[in-house]
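So you can see what is in the structure, the chains are spelled out below.
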Amino acid sequence: MNIYQIIGLIAVSAITITHLIFLLLNKEKQAVFTKSFVITSVIIFAIISKETNPLIYIGLVLVLVSDLLMTVYKNNIFFVIGICALLIANILNFIITSSNLPPRFNICYFGIVILMGYLLVELFRPLVKKKFKKFSYLCLTHLYTIIALFINTFILVVSSYNLYYLLILGGCLLLLTSVSLLLVNRMVKRIKKADFLISLFGMIGQILVFVALILCF
């Protein structure tokens, strides 16, 4: 990393910590204001890093759009658009990481990943349908795209050890923790400080994934 990237990472960290402090203190107006700056700072970091994969920029813009829509406009239409944006961003990240998979992972592998996704969504949909209703397919598909990215990255870690792959893997685990907390909080039992914890794990997970992708791909 060069000096500009180090300064960029410090800025991303500072903005993220500030946003999380506002969330923890229930300063909703300030948190709404700082949330968009978190991903914006990651976009600036990508620009500083120069030779960044164009798909990463698209993914970051989609996450930014999702954040703005789901934070400012709290209704079903914008919720669906926001989740779709996150879902597409995850698919793009899956495509990016797939470019470094060993040659033996051919079209059959991707067919298996898609089939697994379909089966898991159909299997768990009855469990979440009551709480998420018509959004159950969308929410479960979003969850599976994170799992698929985790699988891809796990293969990369096993086949060729790389610190950035580990960061993506850790980011995926945090994202999965965030979604799991959301599901438990909605379906099983209310969790104390659930909104803060979901935001904490989700935001740090997104940052780890994108920063590692920028530095590695």
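Residues numbered from 1 in each chain as written. Predicted model: local features only at pLDDT ≥ 70, side-chain atom pairs only at ≥ 80, totals over all residues. Heavy atoms only, no water.

**Student:** Residue-level account of the overall build of the protein chain, with values.
**Tutor:** Each helix and strand in the protein chain was counted, giving 8 helices and 0 strands. Moving toward the C terminus, one meets the helices and strands of the protein chain in the order α-α-α-α-α-α-α-α. The C-alpha atoms of the protein chain give a radius of gyration of 17 Å, which matches the 17 Å a tight globule of 217 residues would have. With respect to the principal axes defined by its C-alpha atoms, the protein chain has extents near 40 × 40 × 25 Å. Evaluated residue by residue, the protein chain yields a buried proportion of 43% over its 217 residues. Counted over contacts in the protein chain with a minimum sequence separation of 6, partners at least 24 positions apart contribute 69%. For the protein chain, the computed accessible surface area is about 11,900 Å², with 72% contributed by carbon and sulfur atoms. In the protein chain, 17 side chains carry a positive charge and 5 a negative one; their mean positions are 11 Å apart. (Helix = DSSP H or I, 4+ residues; strand = E, 2+ residues; numbered from the N terminus. Rg over C-alpha atoms; globule rule 2.2 N^0.38 Å. Buried < 20%, exposed > 50% of the residue type's maximum accessible area, 1.4 Å probe, protein only. Contact = heavy atoms within 4.5 Å. Areas by Shrake-Rupley, 256 points an atom, 1.4 Å probe, with all protein chains shown as cover. Lys, Arg positive; Asp, Glu negative; His and termini not counted. Charge placed at Lys NZ, Arg CZ, Asp CG, Glu CD.)

**Student:** Describe in detail the nonpolar core, supporting the description with residues and values.
**Tutor:** L60 and L213 are the most contacted members of the largest nonpolar core, which has 48 residues in total. Looking at this core, the elements with two or more residues in it are α2 (28-48), α3 (54-72), α4 (76-98), α5 (107-132), α6 (136-159), α7 (163-187) and α8 (194-216). Filtering out sequence-adjacent residues up to four positions away, L213 remains in contact with I56, N93, I96, T97 and I168. (Core = buried A, V, L, I, M, F, W, Y, C linked by side-chain atoms within 4.5 Å.)

**Student:** Lay out the environment of F94 in plain terms, naming residues and giving numbers.
**Tutor:** Examined against the element boundaries, F94 turns out to sit in helix α4. Note on F94: relative accessible area 13%, which makes it buried. Between the C-alpha atoms of F94 and T153, which are 59 residues apart in sequence, the distance is 8.6 Å. When near neighbours in sequence (up to four residues on either side) are disregarded, F94 contacts Y109, F110, V113, A148, L149 and N152.

**Student:** Give a description of the packing of aromatic side chains that names residues and reports values.
**Tutor:** Going through the model one piece at a time under the given rule, you end up with 5 aromatic pairs. Taking 6.0 Å as the distance between ring centres and 85° as the angle between the ring planes, the aromatic pair formed by F94 and F110 counts as edge-to-face. Here F110 lies in helix α5 and F94 lies in helix α4, a separation of 16 residues in the sequence. Relative accessible area serves as the criterion here: at 24%, F110 is assigned to the partly exposed category. (Phe/Tyr/Trp six-rings, centres within 6.5 Å; stacked < 30°, edge-to-face > 60°.)

**Student:** Just give me the short version of the state of the cysteines, but keep the residues and values in it.
**Tutor:** In total, this model carries 0 disulfides according to the counting rule given. Among the cysteines around C84, which has no disulfide bond, C139 carries the closest sulfur, lying 10.0 Å off. (Disulfide = S-S within 2.5 Å.)

**Student:** Summarise a nonpolar patch on the surface; cite the residues concerned and give the values.
**Tutor:** On the surface, M1, I3, Y4, I6, I7 and I10 cluster together into a nonpolar patch covering about 650 Å² of accessible area. By secondary structure assignment, the location of I3 is in helix α1 (residues 3-24). (Patch = residues over 30% accessible without salt bridge, like charges linked within 9 Å, V, L, I, M, F, W, Y side chains within 5 Å. Salt bridge = Lys/Arg side-chain N within 4 Å of Asp/Glu carboxyl O.)

**Student:** So, the packing of α2 against α8: which residues are in play, and what are the values?
**Tutor:** Contact geometry of α2 with α8 gives a least axis separation of 10 Å together with a crossing angle of 10°. The angle between α2 and α8 falls in the class roughly parallel. In this structure, α2 uses K35, V38, V42, F45 and A46 to contact α8, whose residues at the interface are M203, I207, F210, V211, I214 and L215. When grouped by side-chain class, the residues that make up the contact of α2 with α8 number 10 nonpolar, no polar and 1 charged. (Axes fitted to C-alpha atoms, helices over the stretch in contact; angles between N-to-C directions. Parallel < 35°, antiparallel > 145°, perpendicular 65-115°, else oblique. Nonpolar A, V, L, I, M, F, W, Y, C, P; charged D, E, K, R; others polar.)

**Student:** Could you give me a rundown of the pattern of salt bridges, with the residues and numbers involved?
**Tutor:** One pass over the structure, following the stated rule, counts 1 salt bridge. Across the pair D67 and K35 runs a salt bridge, and its minimum N-O distance is 4.0 Å. Of the two residues, D67 sits in helix α3 while K35 sits in helix α2, which places them 32 residues apart along the sequence.

**Student:** Can you explain the confidence of the model for the protein chain? Please cite residues and give values.
**Tutor:** Interpreting fine coordinate detail is not advised for predicted regions of low pLDDT. Averaged over all residues, the pLDDT of the protein chain is 86; the fraction at 70 or higher stands at 97%. The secondary-structure element of the protein chain with the lowest mean pLDDT is α5, recorded at 81, while α1 shows the highest, at 91. (pLDDT = per-residue confidence, 0-100.)

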